Amino acid sequence: MPSAPLSSIPTITLKSGAAMPQLGLGTWRLQGRECTQAVKAALALGYTHIDTAEMYGNEKEIGAAIEGTPRERLFITSKVWLANLAHDDVISACDGTLGRLGTPYVDLYLVHWPSREIPVADTLRALDKLVRLGKARSIGVSNFTERLLEDAVAAAGDGSPICVNQVEFHPWLYQRELLASCGRLGVALTAYAPIARGTQLDDARLQRIARAHGKTAAQVCLRWAVEKGMAVIPKAGSRAHLEENMAIFDFSLTPAETAQLDAMPQQRLVRPEFAQF
């Protein structure tokens, strides 16, 4: 495939020193040929940040899509599943991820969900080992609350720093305290489901703001998040949606518009039985 154009997407500097693109492609529920084609289309448009996880079951398809793209041009995130958080299991899981992706390293490797049974310090020792082995450039967590994040940062100690907390975040789940906690701890926040899976895009307030800027409701949601300093990884399967999601860096929300979005009624969409919210 032809090389993708150099991306103009802004980046966030992580504690590790790595530059994480502020917009990435989320791939949850993208499977098979649809996944491969979506990633290829994203790369052609200038995306470089691709987010996956062993639980998604699509790492092999993403590996096929990125083949031929210079590895240094990409920022690939994957996640170790809840059942694999014991030290040796983390190492094995990462090796499996790298094999399926066809890459010698991931740019960011996350704990997908916190465990009630396995001490986070055990998991972090394994993640630190992966960094020292060159198999992960940066590490972090996902779906961690303020308290769990603080515990994890403390447990990391002098090892590799926790760089990212990836959580559900959108105007209908404005996690102010968590965002502030991430800021105090120097942990970047990545928002998954940043447009609330499309469930609220017909909201009249959101639509008015979108019309005022000549943008879509989804673009306004993404802009709201990036203006708060976080990265966003909306899922997109079509070129049209990929292009739409990319066109969020040429406008700004007014303070009044931001306040309206900040005040949306709150609803968490992702709440599995094992969550520790």
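Everything here concerns the structure above.
About the thresholds
Residues numbered from 1 in each chain as written. Predicted model: local features only at pLDDT ≥ 70, side-chain atom pairs only at ≥ 80, totals over all residues. Heavy atoms only, no water. Helix = DSSP H or I, 4+ residues; strand = E, 2+ residues; numbered from the N terminus. Rg over C-alpha atoms; globule rule 2.2 N^0.38 Å. Buried < 20%, exposed > 50% of the residue type's maximum accessible area, 1.4 Å probe, protein only. Contact = heavy atoms within 4.5 Å. Areas by Shrake-Rupley, 256 points an atom, 1.4 Å probe, with all protein chains shown as cover. Lys, Arg positive; Asp, Glu negative; His and termini not counted. Charge placed at Lys NZ, Arg CZ, Asp CG, Glu CD. Pairing = 2+ DSSP bridges. Right-handed = clockwise from strand over helix to strand, strands pointing away. Arc of directions from axis to C-beta. Phe/Tyr/Trp six-rings, centres within 6.5 Å; stacked < 30°, edge-to-face > 60°. 1 Å grid on protein atoms, 1.4 Å probe; cavity = no way out; pocket = protein on both sides within 12 Å on 5 of 7 lines; lining within 4 Å. Points joined across faces, edges and corners; volume = space filled by probe spheres on them. Nonpolar A, V, L, I, M, F, W, Y, C, P; charged D, E, K, R; others polar. Axes fitted to C-alpha atoms, helices over the stretch in contact; angles between N-to-C directions.

Q: Which parts of the structure should I look at to understand the overall build of the protein chain?
A: Scanning the protein chain from N- to C-terminus turns up 10 helices and 10 strands. A globule of 277 residues ought to have a C-alpha radius of gyration of about 19 Å, and the protein chain, at 18 Å, matches this closely. Counting only residues that meet the buried cut, the protein chain has 54% of its 277 residues in that class. Once local pairs closer than 6 in sequence are excluded, the contacts in the protein chain between residues at least 24 apart make up 77%. Accessible surface, the protein chain: about 11600 Å² in total, of which carbon and sulfur atoms supply 50%. Computed over 29 positive and 29 negative side-chain charges, the separation of the two mean positions in the protein chain equals 3 Å.

Q: I'm lost on the pairing of strand 9 (residues 188-192) in this one. Help?
A: Within strand 9, 5 of the 5 residues are buried, which leaves it mostly tucked inside the rest of the structure. Residues Ala188, Thr190 and Tyr192 point to one face of strand 9 and Leu189 and Ala191 to the other, with burial holding for every one of them. Where strand 8 (residues 162-168) lies against strand 9, 5 bridges are found, and the strand directions are parallel. Along strand 9, the bridge assignment pairs valine 164 with alanine 188. Taken together, strand 8, helix 6 (residues 176-185) and strand 9 form a β-α-β motif whose crossover is right-handed. Of the pairings in the sheet, the one linking strand 9 to strand 10 (residues 231-232) comprises 2 bridges and is parallel in character. Bridge assignment links alanine 191 to a residue of strand 10, and that residue is valine 232.

Q: Looking at this structure, I do not really get helix 10 (residues 255-262). What am I missing?
A: One turn of the α-helix equals 3.6 residues, which is why residues spaced by three or four share an orientation. Inspection of helix 10 places Glu257, Thr258, Leu261 and Asp262 among the buried residues, and these make up the whole buried set. One side of helix 10 holds all its buried residues, which, seen down the axis, span an arc of 140°. For helix 10, exposure combined with an orientation more than 90 degrees from the buried face picks out Pro255 and Ala256. Where helix 10 is buried, its residues contact helix 6, helix 7 (204-213) and helix 8 (217-227).

Q: Explanation requested: the packing of aromatic side chains in the structure shown.
A: Centre distance and the angle of the planes are the two values used to describe a pair of aromatic rings. What the rule picks out here adds up to 6 aromatic pairs. A centroid spacing of 5.7 Å and a plane angle of 90° characterise the contact between tryptophan 81 and phenylalanine 274, whose relative ring orientation is edge-to-face. With tryptophan 81 in the loop between strand 5 (75-80) and helix 3 (87-101) and phenylalanine 274 in the segment after helix 10, this pair connects stretches of sequence that are 193 residues apart. Look at tryptophan 81 and you get partly exposed, because its relative accessible area is 22%. These aromatic residues form a ring-pair network of at least three members: Trp81, Trp113, Phe274 and Phe277.

Q: Teacher, can you tell me more about the layout of surface pockets here?
A: A probe matching the size of a water molecule, rolled over the atoms, marks out where space remains unfilled. Estimated volume of the largest pocket: approximately 510 Å³. Along its surface, the largest pocket is lined by 28 residues, and Trp28, Tyr192, Ala193, Arg197 and Lys235 are the ones closest to its centre. For the lining of the largest pocket, a count of residues per class yields 14 nonpolar, 8 polar and 6 charged. Lining the second largest pocket are 14 residues, and of these Pro114, Ser115, Ile118, Val120 and Phe144 lie nearest its centre. Those elements giving two or more residues to the lining of the second largest pocket turn out to be helix 4 (120-132) and helix 5 (146-156). Broken down by element, the lining of the second largest pocket gets its largest block of residues, 4 residues, from helix 5.

Q: So what exactly am I meant to see when it comes to the sheet that holds strand 5 here?
A: Read from one edge to the other, the open sheet built from 8 strands follows the order 3-4-5-6-7-8-9-10, with strand pairing classed as parallel. Unpaired on one side and paired on the other, strand 3 (25-26) and strand 10 mark the two borders of the sheet. Relative to strand 8, strand 7 (residues 136-142) is paired through 4 bridges, and the arrangement is parallel. Across the sheet, glycine 140 pairs through a bridge with valine 164, a residue of strand 8. Of the strands in this sheet, strand 5 and strand 6 (106-111) are in contact with helix 3, which crosses strand 6 at around 140°. Contacting strand 7 and strand 8, helix 5 crosses the sheet at an angle of about 160° to strand 8.

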